[in-house]
Amino acid sequence: MTHVQSEIADQPDCWLRAAELSGSRGLPASGERVAVVGCGTSWFMGQAYAVLRERAGRGETDAFQASEFPIGRAYDRIVAITRSGTTTEVVELLEKVKAPTVVITADATQPAAALATEAVVLDFADEQSVVQTRFATSALALLRAHLGEDITPIACDAEVAVRLPLPVRDDVEQLTFLGRGWTVGLALEAALKCREAATFWAEAYPAMDYRHGPISIAAPRRVVWAFGEIPANLADDVEATGAAFLHARHHGGFAALGRWCGGRTPMDPMADLIVAQRVAVELAARQGLDPDHPRNLSRSVVLA
Ligand code: F1P
C-alpha cells in the first residue's frame with residue numbers, strides 16, 4: 001500500500017478530529033471581511049471555504065493564490081492554508097500583511113506558524129505522500145465545522161467513499177471535473193490530483209462555463225464528472241458527445257454504488273472528492289507510477 005492510499009482511507013477520522021478544533025483562536029469571527037490564501041491544493045480548499053462562508057452569511061470572503069493577493073485591500077483577517085508551512089508565496093505574504101492572520105498547517109515548527117498571529121495545527125493529518133489528500137480535506141472540514149456544519153454525517157459519507165467501487169472504466173482517456181459554488185474548488189482539486197499523482201489529462205471548470213468551450217474536449221472514452229449541483233440539461237449535452245457523465249445522482253449510477261455500500265445519497269461533495277482521489281491513485285497504478293513521489297514535484301515549493 002502506498003502512503004497516499006492509507007492517507008486517503010484515513011480521512012473520515014481526520015475530519016472528525018479536525019472538527020474538534022473548530023473553536024480554535026484566530027478563526028474568522030462572524031461579520032469579518034476575510035481573505036483566504038494558499039497555493040495549489042491549499043488554494044483550492046480556500047476557494048471552497050470562501051463560498052461556503054459567504055453562503056453561511058458570515059461575511060465577505062475572497063480566496064487568492066498567495067502570490068496574487070491584492071496587498072492594498074483592507075481585510076479584517078487573513079486565513080492561510082499550508083500543509084508544509086514553508087511555501088514561499090505564503091511565507092512572504094505572512095511577512096508583509098498587517099491584518100491579523102491565522103495559519104492552518106500540519107507543521108507548527110515551520111515559518112508560517114511562527115509568522116502568523118495564530119496557528120491551528122492539524123499535525124494528525126500531515127502526510128508522507130507529496131500529493132496532498134487528508135490534510136487539505138481536514139482543513140476544509142475544520143473550516144466547515146467552524147461555520148457550524150455538523151461533520152459527523154459528512155465523515156459517514158467519507159466512510160462510504162473510501163470503499164465505493166471506482167466509477168471510472170479501465171479505458172478512460174481523459175477526465176473533466178465540474179462544480180458549482182463551493183464545489184468549483186473541489187473540482188479544481190480533483191483534476192489537480194489526477195495530474196499530480198498520475199500525470200493524467202484532467203481539467204476542471206465551473207459547471208456553467210463548461211458549455212462555453214471546454215465541451216469541445218468531450219468524446220467517447222472521456223468522462224465529465226460533476227460535483228454538487230448539476231445545471232439543467234448538462235448531462236444530456238455531455239452524453240450527446242459520446243462522453244460519459246458522472247454524478248452522485250445521475251442515472252442512479254454513483255447513487256446506486258452509494259446505496260450498495262449503505263450510504264446516504266447524494267453523498268457530500270467532499271466524499272465525491274475522496275472517490276476522485278482514489279481514481280487518481282488507480283490511474284497512477286495502471287501506468288506503474290508511484291503516486292507518493294510524482295515527477296517534478298516536492299512536498300512544497302520553496303523558491304530561491
Ligand atoms: C502547496 C503545494 C501543494 C502541491 C505541491 C506543492 O503546499 O502547492 O498543494 O501538491 O506539493 O505544494 P502547502 O503550502 O500546502 O504546503
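Data block above holds the structure.
This is a predicted model, so every value here is computed, not measured. (Residues numbered from 1 in each chain as written. Predicted model: local features only at pLDDT ≥ 70, side-chain atom pairs only at ≥ 80, totals over all residues. Heavy atoms only, no water.)

K.L.:
I'd like a description of the overall build of the protein chain, backed by residues and values.
P.N.:
Across its full length, the protein chain holds 11 helices and nine strands. Relative to the globule expectation of 19 Å for 304 residues, the C-alpha radius of gyration of the protein chain, 18 Å, shows essentially globular dimensions. For the protein chain, the spread of C-alpha atoms along the three principal axes comes to 50 × 40 × 40 Å. Across the 304 residues that make up the protein chain, the buried fraction comes to 57%. Looking at the protein chain alone, contacts between residues at least 24 apart form 70% of all its contacts between residues at least 6 apart. If you sum the accessible surface of the protein chain, you get close to 12,400 Å²; carbon and sulfur atoms cover 50% of it. (Helix = DSSP H or I, 4+ residues; strand = E, 2+ residues; numbered from the N terminus. Rg over C-alpha atoms; globule rule 2.2 N^0.38 Å. Buried < 20%, exposed > 50% of the residue type's maximum accessible area, 1.4 Å probe, protein only. Contact = heavy atoms within 4.5 Å. Areas by Shrake-Rupley, 256 points an atom, 1.4 Å probe, with all protein chains shown as cover.)

K.L.:
Outline the nonpolar core, listing residues and values.
P.N.:
Ranked by size, the top nonpolar core spans 72 residues in total, and within it I104, L175, F177 and W225 carry the most contacts. The dominant element in this core, judged by the number of residues it contributes, is helix α11 (residues 269-286), at 11 residues. When neighbours within four sequence positions are excluded, F177 is seen to be in contact with A187, A190, A191, C194, A202, E203, A204, Y205, W225, F227 and A276. Residues A35, F69, A80 and A99 belong to the second largest nonpolar core, which totals 18 residues. (Core = buried A, V, L, I, M, F, W, Y, C linked by side-chain atoms within 4.5 Å.)

K.L.:
Break down the sheet that holds strand β9 (residues 244-247) for me, with residues and values.
P.N.:
Taken together, four strands build an open sheet; the order of strands is β7-β6-β8-β9 and the sheet is parallel. In the strand order of this sheet, the two ends are held by β7 (202-206) and β9, each with one partner. With direction set aside, neighbouring strand axes in the sheet form an average angle of 20 degrees. Across four bridges, strand β8 (residues 222-227) lies against β9 in parallel orientation. Paired with A226 across the strands is H247, a residue of β9. Against the sheet, α11 touches β6 (174-179) and β8, its axis set at about 155 degrees to β8. (Pairing = 2+ DSSP bridges. Axes fitted to C-alpha atoms, helices over the stretch in contact; angles between N-to-C directions.)

K.L.:
Requested: an account of the layout of surface pockets, with residues and values cited.
P.N.:
Considered as a void within the structure, the largest pocket measures approximately 380 Å³ in volume. The wall of the largest pocket is formed by 21 residues, among which C39, G40, T41, R299 and V301 lie closest to the centre. Broken down by secondary-structure element, the contributors of at least two residues to the lining of the largest pocket are α3 (41-55), β3 (77-82) and α8 (183-198). Taken together, 13 residues form the lining of the second largest pocket, with R169, D171, R222, V223 and A244 sitting closest to its centre. Secondary structure elements with two or more residues in the lining of the second largest pocket: β8 and β9. Among the elements that make up the lining of the second largest pocket, the one with the highest residue count is β9 (three residues). Its residues assigned to classes, the lining of the second largest pocket shows eight nonpolar, one polar and four charged. (1 Å grid on protein atoms, 1.4 Å probe; cavity = no way out; pocket = protein on both sides within 12 Å on 5 of 7 lines; lining within 4 Å. Points joined across faces, edges and corners; volume = space filled by probe spheres on them. Nonpolar A, V, L, I, M, F, W, Y, C, P; charged D, E, K, R; others polar.)

K.L.:
Can you lay out the site of the ligand for me, pointing to particular residues and giving the numbers?
P.N.:
Close contacts around the ligand come from 15 residues, with S42, T82, S84, T87 and E196 the closest. Interatomic distance of 2.8 Å between a backbone N/O atom of R83 and an oxygen atom of the ligand. Here Q132 contributes a side-chain N or O atom positioned 2.8 Å from an oxygen atom of the ligand. With the chains in place, 95% of the 380 Å² that the ligand exposes on its own is no longer accessible. (Near = heavy atom within 4 Å. Polar contact = N/O pair within 3.5 Å; in protein donor to acceptor, adjacent residues only side chain to side chain.)

K.L.:
Quick one: what's the story with the packing of aromatic side chains, residue by residue and with numbers?
P.N.:
Per the stated rule, a full pass over the model turns up eight aromatic pairs. Summarising the aromatic geometry, the rings of F69 and Y75 are spaced 5.8 Å apart at their centres and angled 45 degrees between planes, so their arrangement reads as tilted. In this pair, the class of F69 matches that of Y75, namely buried. An aromatic cluster is present here, built from F64, F69 and Y75 joined pairwise through their rings. When the ring centre of Y75 is taken as origin, the NZ or CZ atom of R33, which lies over that ring, is 4.5 Å away. (Phe/Tyr/Trp six-rings, centres within 6.5 Å; stacked < 30°, edge-to-face > 60°. Lys NZ or Arg CZ within 6 Å of the ring centre and 35° of its normal.)

K.L.:
So, the sheet that holds strand β1 (residues 34-38): which residues are in play, and what are the values?
P.N.:
The strand order across the open sheet formed by five strands is β2-β1-β3-β4-β5, and the pairing between neighbours is parallel. Two strands in the sheet have a free side with no partner beyond their single neighbour: β2 (61-65) and β5 (118-121). Taking each pair of neighbouring strands and ignoring which way they run, the sheet shows an average axis angle of 20 degrees. Here β3 pairs with strand β4 (residues 101-105) via five bridges, running parallel. The partner of I78 across the bridge, within β4, is T101. Here α3 sits on the sheet in contact with β1, β2 and β3, set at roughly 170 degrees to β2. Across the sheet, helix α6 (residues 134-146) is in contact with β3, β4 and β5; its angle to β4 comes to roughly 135 degrees.

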